[in-house]
Protein chains: 2
Amino acid sequence: MHNTTLKKISEILGISISTVSRALKHHPDISLKTRQKVIDLAEALDYEPNASAVQLRTRNSKLLGLMVPTISNYFYETFIAAVEEDARKQGYSVMILQSGNDPVIELENLKLFRQNRVSGVFACLSLSTTDMKGFERMRELDIPVVFFDNVPEEDGLHKICMADEKSAQLAAELILQQPYQSVLALFGNPQLSITKKREEALKLAFQSHPKIELLVEHAGNSEEAQNITHAMLDKHQPDIIFCMSDEILIGVLKTIQQRGLHYPDNIALLTISNGTIPKLFHPQITYIETSGEKLGRLAFSHMLNCINGNSEAKELLVDAVLVKGGSV
Amino acid sequence: MHNTTLKKISEILGISISTVSRALKHHPDISLKTRQKVIDLAEALDYEPNASAVQLRTRNSKLLGLMVPTISNYFYETFIAAVEEDARKQGYSVMILQSGNDPVIELENLKLFRQNRVSGVFACLSLSTTDMKGFERMRELDIPVVFFDNVPEEDGLHKICMADEKSAQLAAELILQQPYQSVLALFGNPQLSITKKREEALKLAFQSHPKIELLVEHAGNSEEAQNITHAMLDKHQPDIIFCMSDEILIGVLKTIQQRGLHYPDNIALLTISNGTIPKLFHPQITYIETSGEKLGRLAFSHMLNCINGNSEAKELLVDAVLVKGGSV
DNA sequence: GTGAAAGCGCTAACAA
DNA sequence: TTGTTAGCGCTTTCAC
């Protein structure tokens, strides 16, 4: 049991609780002598302030909420790692919750954040979120919410995204520079905001090149991507496959390997990715970077601004960068 | 601001705070009428109990600490995901902190756990931890600590590990079944408890087969593994490479691909892994499974026992399973 | 079946 | 420079 409290220290030293409290915070009012006595004794008794008591009294929790569909994901894990690291440096802790893409759990998690009186929330919407009540309640309570990755469509919210349109444009440019005649573009779940943005931008870029065949498909996970790729390769001869994400890429790679195909000779490959998977292969797969880490750092610094009231709601973008490999 | 409190509800209803408190917990003393009135009003006013106040009063935090070197890791992310999921189902939240393999941060993190009065801690030691004071303090405070992955050597602690010895034995068995004459075994940082256990067990298994050449090397990360593999392949002709972990495997795979080698024809491959990386390749790489998820679930259920005082300190093992691929 | 009161550990306004 | 006091929101014992 934690049994060293301000009261105990004050009793031993024969001074008041408030003096002890002040001394421990290096309040200038307190004489050096007293201060030192208090600090020494606190040290000796392993005093450790009760965070709940402090938070109850000050209404300032130094706790941030972070919700993702799942922690176990190439992208989210780097996002979380970055946020946690920056938060720690600023004296914040992070309460990380998974929604499992279940709107009911999402709602419960938001409630948990509220009950813990978090100072702010980072949230990636679950796939099937339609009811935004949980988030609206956050707004009522003046708890800033910074959305990332899969974000709501409404304006007037804090959103941190990668430059989805630009990344798709970059991909299109790279493809159009080459003499490819047929392009297979594989996207993720069409409900996701990132899917919509990337898909629209890619299609737009190809509109002025009607001679090039653009085959667009959607896959909810790696396995689906794998199957769809097989099916498409049975019917078509795309020169290049564009993957919207690592998850898609994984499925595509399996199919390619299963069929004994080699990139870039038999077919070219281009993806949007965190970088982990593309670098596992040789030649390295060319990708447009989505850095969970950069996104996380930006999200955290924006959160800090929100908490300090210095930020109107806006969408911030992490720039898209092409990382050349040997697959195009 | 959260402004609905028990007090407010009690004032509106003209009853006492304690009655409100009881009604909200479905205390049998309270009449159905009163109870319903209270519950309805609480609902209408979006009452959400202040977790800090509850914890301050009850000294029961429903909060668990979890510390890893980094969240962004194939193994830890699955461990964390499993713990978080099970914890949520039992009404616990998890405070996840990264040590970055820095003993100083590790100590600070433990302090943070204490200040937040967590009910228990899951900890994977940082690489260079020598000072166990932070953990001893946990013991003094009766806060159970469940170690996992990289665990201390001392007895009398709660440890959740995979069956490291057995996994190395399984690997050795599989290798010895084949006509391999030379084996390159790559291990991680020799300070890690898992490295020591796996290495010793593997060496032991080969002692009775002195004719087989066993080359043992250590690499601190993927890049080192990549370089070492190059160097070893320059000098030797191993028939098979055994990798202690995904991190090592990644480096080895790069070298193999760079050299245009193919498994299992030119060289065989065997690894201990979570499964993610081995399944990315075709043929799939044969591996002995370390399931972060299984470890996490076991760790959590053991933690629950510890919290309820039903558990003496012991080391629990997750069994090693061979997952056959096409690389041996 | 309900209320009064004490107190968890801390901070901060006000007094001295 | 230090102490007194009130109170954050909640639970729980004891009394009625």
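Keep in mind that what you see is a predicted model, and the values were worked out from it rather than measured. (Residues numbered from 1 in each chain as written. Chains lettered and ligands numbered in written order. Predicted model: local features only at pLDDT ≥ 70, side-chain atom pairs only at ≥ 80, totals over all residues. Heavy atoms only, no water.)

Enquirer: Summarise the interface of chain A and chain B; cite the residues concerned and give the values.
Expert: Contacts between chain A and chain B engage 51 residues on the former and 51 residues on the latter. Between chain A and chain B lies a buried interface of about 4900 Å² when both sides are counted; carbon and sulfur atoms form 53% of it. Taken together, chain A and chain B are joined by six salt bridges. Note that B:Arg137 and A:Asp46 form a salt bridge whose closest N and O atoms lie 3.9 Å from each other. Here chain A is connected to chain B by 26 residue pairs in polar contact (both at pLDDT 80 or more). (Contact = heavy atoms within 4.5 Å. Buried area = accessible area lost by both parts, 1.4 Å probe. Salt bridge = Lys/Arg side-chain N within 4 Å of Asp/Glu carboxyl O. Polar contact = N/O pair within 3.5 Å; in protein donor to acceptor, adjacent residues only side chain to side chain.)

Enquirer: I'd love a proper account of the protein's contact with DNA strand D, names of residues and values included.
Expert: In the region of DNA strand D, 26 residues are neighbours, and A:Thr19, A:Arg22, B:Lys25, B:Tyr47 and B:Arg57 sit closest. Within the contact set of DNA strand D, a phosphate oxygen lies 2.5 Å away from a side-chain nitrogen or oxygen of B:Lys25. Interatomic distance of 3.4 Å between a backbone N/O atom of B:Asn50 and a phosphate oxygen of DNA strand D. Residue assignment for the surface near DNA strand D shows that the elements contributing at least two residues are helix H2 (17-24) and helix H4 (51-58) of chain A together with helix H2 (17-24) and helix H4 (51-58) of chain B. (Near = heavy atom within 4 Å. Helix = DSSP H or I, 4+ residues; strand = E, 2+ residues; numbered from the N terminus.)

Enquirer: How would you summarise the packing of aromatic side chains if you had to cite specific residues and measurements?
Expert: How two aromatic rings sit relative to each other is set out by the distance from centre to centre and by the angle between their planes. Taken as a whole, this structure holds 15 aromatic pairs over all chains when the rule is applied. For the ring pair A:Phe75 and A:Tyr76, a centre distance of 5.7 Å and an interplane angle of 65 degrees mean the geometry is edge-to-face. With relative accessibility at 12%, the residue A:Phe75 sits in the buried group. In this structure A:Tyr76 comes out as buried when scored by relative accessible area, which is 9%. The rings of A:Phe75, A:Tyr76, A:Phe79, A:Phe122 and A:Phe148 are connected pair by pair, giving a single aromatic cluster. Note that B:Lys62 overlies the ring of B:Tyr92, its terminal NZ or CZ placed 4.4 Å from the centroid. (Phe/Tyr/Trp six-rings, centres within 6.5 Å; stacked < 30°, edge-to-face > 60°. Buried < 20%, exposed > 50% of the residue type's maximum accessible area, 1.4 Å probe, protein only. Lys NZ or Arg CZ within 6 Å of the ring centre and 35° of its normal.)

Enquirer: An account of the protein's contact with DNA strand C is needed here, citing residue identities and associated values.
Expert: DNA strand C sits among 26 residues. The nearest are A:Lys25, A:Tyr47, A:Arg57, B:Thr19 and B:Arg22. Among all atoms of DNA strand C positioned within 4 Å of the protein, those belonging to sugar or phosphate total 65%. B:Asp29 places a polar main-chain atom, nitrogen or oxygen, 3.1 Å from a sugar or linking oxygen of DNA strand C. For the surface near DNA strand C, the elements supplying multiple residues, two or more each, are H2 and H4 of chain A together with H2 and H4 of chain B. Its residues assigned to classes, the surface near DNA strand C comprises nine nonpolar, 10 polar and seven charged. (Nonpolar A, V, L, I, M, F, W, Y, C, P; charged D, E, K, R; others polar.)

Enquirer: Can you explain the domain arrangement of chain A? Please cite residues and give values.
Expert: Residue and element names in this part refer to chain A. For chain A, the assigned domains are domain 1 (6-44), domain 2 (59-161 + 293-318) and domain 3 (164-289). A separation of 30 Å is found between the C-alpha centroids of domain 2 and domain 3. Facing 12 residues of domain 2, the contacting portion of domain 3 comprises 13 residues. In total, domain 2 and domain 3 occlude about 1000 Å² of area from one another, counting both sides; carbon and sulfur atoms represent 48% of this. Seen at the junction of domain 2 and domain 3, the total is three salt bridges. For Lys196, the salt bridge goes to Glu153, with nearest N and O atoms at 3.0 Å. Run the count over domain 2 and domain 3 and you get eight residue pairs in polar contact (both at pLDDT 80 or more). With three residues, helix H5 (residues 74-89) is the largest single contributor of residues to the side of domain 2 that touches domain 3. Among the residues making up the side of domain 2 that touches domain 3, the classes are represented as five nonpolar, three polar and four charged. (Domains from an automatic or database assignment.)

Enquirer: Which residues make up the pattern of salt bridges, and what values go with them?
Expert: All names here are of chain A. Under the defined criterion, the tally for this structure stands at 32 salt bridges over all chains. A salt bridge links Asp319 to Lys166; the nearest nitrogen and oxygen atoms lie 2.9 Å apart. Taken together, the residues Asp319 in the loop between strand S11 (315-318) and strand S12 (321-323) and Lys166 in helix H8 (residues 164-177) connect sequence positions 153 residues apart. Its salt-bridge partner being Glu199, residue Lys203 comes within 2.8 Å of it at the nearest N-O pair. Taken as a pair, Lys203 and Glu199 lie in helix H9 (residues 193-207) at a separation of four residues, close to a single helical turn. Take Lys203: its relative accessible area is 39%, and that puts it in the partly exposed class. Accessibility expressed as a relative area gives 11% for Glu199, which makes it buried. The network of salt bridges with shared partners includes Glu85, Asp86, Lys89, Glu293 and Arg297.

Enquirer: An account of the pairing of strand S9 (residues 268-273) of chain B is needed here, citing residue identities and associated values.
Expert: Residue and element names in this part refer to chain B. Across the six residues of S9, six count as buried, placing the element largely inside the fold. Burial along S9 is two-sided: the residues Ala268, Leu270 and Ile272 and Leu269, Thr271 and Ser273 are all buried. Bridging between strand S8 (residues 240-243) and S9 involves four bridges; their strand directions are parallel. Within the sheet, the bridge partner assigned to Cys243 lies in S9 and is Thr271. Considered for its hand, the β-α-β crossover made up of S8, helix H11 (residues 246-258) and S9 is right-handed. (Pairing = 2+ DSSP bridges. Right-handed = clockwise from strand over helix to strand, strands pointing away.)

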